[in-house]
Amino acid sequence: MECDVAIIGGGIVGLAAAWQLGRRYDCRVLVLEKESSVATHQSGRNSGVLHSGIYYRPGSNQAQTCLRGRRLMENFCRANHLPFELCGKVIIGSTPRELARLNTLHEWGRANGVQCQIIGQDALLEREPYAAGIRALLVRDAGIVDFRSVVQCLTSLSQEQGTEVLTNSYVHRAHVERQHIVLETDNLTVHARQVLNCAGLYADRVAKLLGQEPTIRVLPFRGEYYALLPRQYCRHLIYPAGDDRVPFLGVHATRLTDGRVLCGPSAVLALSREGYKRFTVAPGDILDTVLWPGSWHLARSLWRTGAREILQSLSKKYYLRVLQRLIPAVELSNLRPARSGVRAQAVKADGTMIRSMYVQESRRALSVLNASSPSATASLAIGETLARDLINRLRSD
């Protein structure tokens, strides 16, 4: 099979790029997904939050991409009758450090054009009667969306444009020829002029397969969730002020588009890139983590944070204590185990956790090696950029 662009990975970023290529440019696109359906991993296993752009430094590429992506996602959901809601959220502060963090986020949000304001305890309780905090940052532009439905819609729209989306298509070999890059699956050989690697948890390995030498390693962090009952404990979205040293936002309570409420996620280094269960072990994945020097640098610099996350994972009572800082009335009986997710976090050799989009290029391939939050929110904007870059590469070939 021949195509102009082959996309490896049927998650939200890969399919957003496929859709943007099909609607804006005249080119042949093929999507290869190793699983039996799209959105099997990160795109279908998240808390479904539509981020406002409040967490990113004003003027940064991450802030601009998030803001544009949110607007595009809202319009996309309206046009395609997909469930979403700008329900707003509260970010809660109780300690001096947390209150200082709220002030910083408020300044960033205002500079980014986000509708937000600092509110006192009474206003917080009026919005979230069970929440606890001295003050809170009310973010009106935050929302919820069903990202799995978004991916399924992107798949259908892309197919209508002529894009082929092939599931059960694991790329196990690749080599570069003069005019093409050749991808081999168990039942298909693809000759593509350009390849877009959106393999998520396996993006670094696919990059090596494509002849690139990644300067990062993808580390898998399992996020564990609980369903919160009764649902009135959280009317909208309730977040902690968070720790600005790490790209994780901490355990929070999130209402989903179907009315359910999730609490989580934690962030524990997993023993498998698909380690959705605590004791799922993949020796090759463990070896990848252990042999990467960035893993050891990261462990040394954030061992206290890591220890708390492990304790939170192993002890439901400790998990409850963390959640009770936001919603004191919650008891153990209110928490029901829910599905977990695994986040692909790119880490440099010096232990730096990459917080923004990270793309590595070679002559015939673009590899998205990091697309952590807010990549789902910003996926349509990211897809625009990737599609434009790919077309420019095709034209200059």
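Residues numbered from 1 in each chain as written. Predicted model: local features only at pLDDT ≥ 70, side-chain atom pairs only at ≥ 80, totals over all residues. Heavy atoms only, no water.

### Side note on the side chain of Asp285
Our working rule: Starting at the N terminus, helices and strands are each numbered in turn, a helix being any DSSP run of H or I of at least four residues and a strand any DSSP run of E of at least two. Residues adjacent in sequence count toward polar contacts only when both atoms are side-chain atoms; beyond that, a polar contact is any pair of N or O atoms within 3.5 Å, and within protein one must be able to donate a hydrogen and the other to accept it. Throughout, a residue-residue contact means that at least one pair of heavy atoms, one from each residue, lies within 4.5 Å.
Residue placement: Asp285 occurs in helix H7 (residues 283-291). There is a polar contact of 2.8 Å between the side chain of Asp285 and the backbone nitrogen of Arg273. Beyond its immediate sequence surroundings of up to four residues, Asp285 is in contact with Arg205, Leu271, Ser272 and Arg273.

### Re the sheet that holds strand S7 (residues 135-139)
Within a beta sheet, neighbouring strands are joined by backbone hydrogen bonds and run either parallel or antiparallel to one another. Our working rule: Any two strands with at least two DSSP bridges between them are considered paired. Every axis in this analysis is a line fitted to C-alpha atoms, fitted for helices over the stretch in contact. Angles between the N-to-C directions lie between 0 and 180 degrees.
One open sheet holds the eight strands; their spatial order is S6-S7-S5-S15-S16-S17-S14-S19, and the pairing between them is mixed. Strands with a single pairing partner mark the edges of an open sheet, and in this sheet they are strand S6 (116-120) and strand S19 (335-337). Here the strands of the sheet are splayed against their neighbours by 30 degrees on average, with no regard to which way each runs. Examined bridge by bridge, strand S14 (residues 226-228) and strand S17 (residues 261-264) share two bridges and lie antiparallel to one another. The partner of Ala227 across the bridge, within S17, is Leu262.

### Focus: the packing of aromatic side chains
For clarity, the threshold we go by: When two rings of Phe, Tyr or Trp (its six-membered ring) have centres within 6.5 Å they constitute a pair, described as stacked for plane angles under 30 degrees, edge-to-face for angles over 60, and tilted for the intermediate range. Only protein chains enter the area calculation, which uses a 1.4 Å probe; residues under 20% of their type maximum are buried, those over 50% are exposed, and those in between are partly exposed. Lysine NZ or arginine CZ positioned within 6 Å of the ring centre and within 35 degrees of the ring normal marks a charge as sitting over the ring.
In the structure shown here, the tally under the stated rule is five aromatic pairs. Summarising the aromatic geometry, the rings of Phe221 and Phe248 are spaced 5.2 Å apart at their centres and angled 50 degrees between planes, so their arrangement reads as tilted. Here Phe221 is found in strand S13 (residues 216-223), whereas its partner Phe248 is found in the loop between strand S15 (237-240) and strand S16 (252-255), with 27 residues between them in sequence. Here Phe221 and Phe248 have matching classes, each one buried. The interplanar angle of 75 degrees and the centroid separation of 4.7 Å between the aromatic rings of Tyr226 and Tyr319 together place this pair among those described as edge-to-face. With Tyr226 in strand S14 and Tyr319 in helix H10 (residues 316-324), the pair connects residues that are 93 residues apart, well separated along the chain. Against the face of Trp19 rests Arg23, its NZ or CZ located 4.3 Å from the ring centre. If you follow Lys89 out to its NZ or CZ, it ends over the ring of Tyr239, 3.7 Å from the centre.

### With respect to the pattern of salt bridges
Working definition: two side chains of opposite charge can pair if their charged atoms are close together. We count it as follows: Definition used for salt bridges: Asp or Glu carboxyl oxygen within 4 Å of a side-chain nitrogen of Lys or Arg.
Per the stated rule, a full pass over the model turns up 24 salt bridges. As a salt-bridge pair, Asp288 and Arg217 come within 3.9 Å of each other at their nearest N and O atoms. On the criterion of sequence distance, the pair formed by Asp288 in helix H7 and Arg217 in strand S13 is long-range, its members being 71 residues apart. On the accessibility criterion, Asp288 (22% relative accessible area) is partly exposed. Ionic pairing is found between Arg222 and Glu224, a salt bridge with its closest N-O pair at 3.0 Å. Just as Arg222 is buried, Glu224 falls in that class too. Counted as one network, the salt bridges with shared partners bring together Asp204, Arg205, Arg217, Arg273, Asp285 and Asp288.

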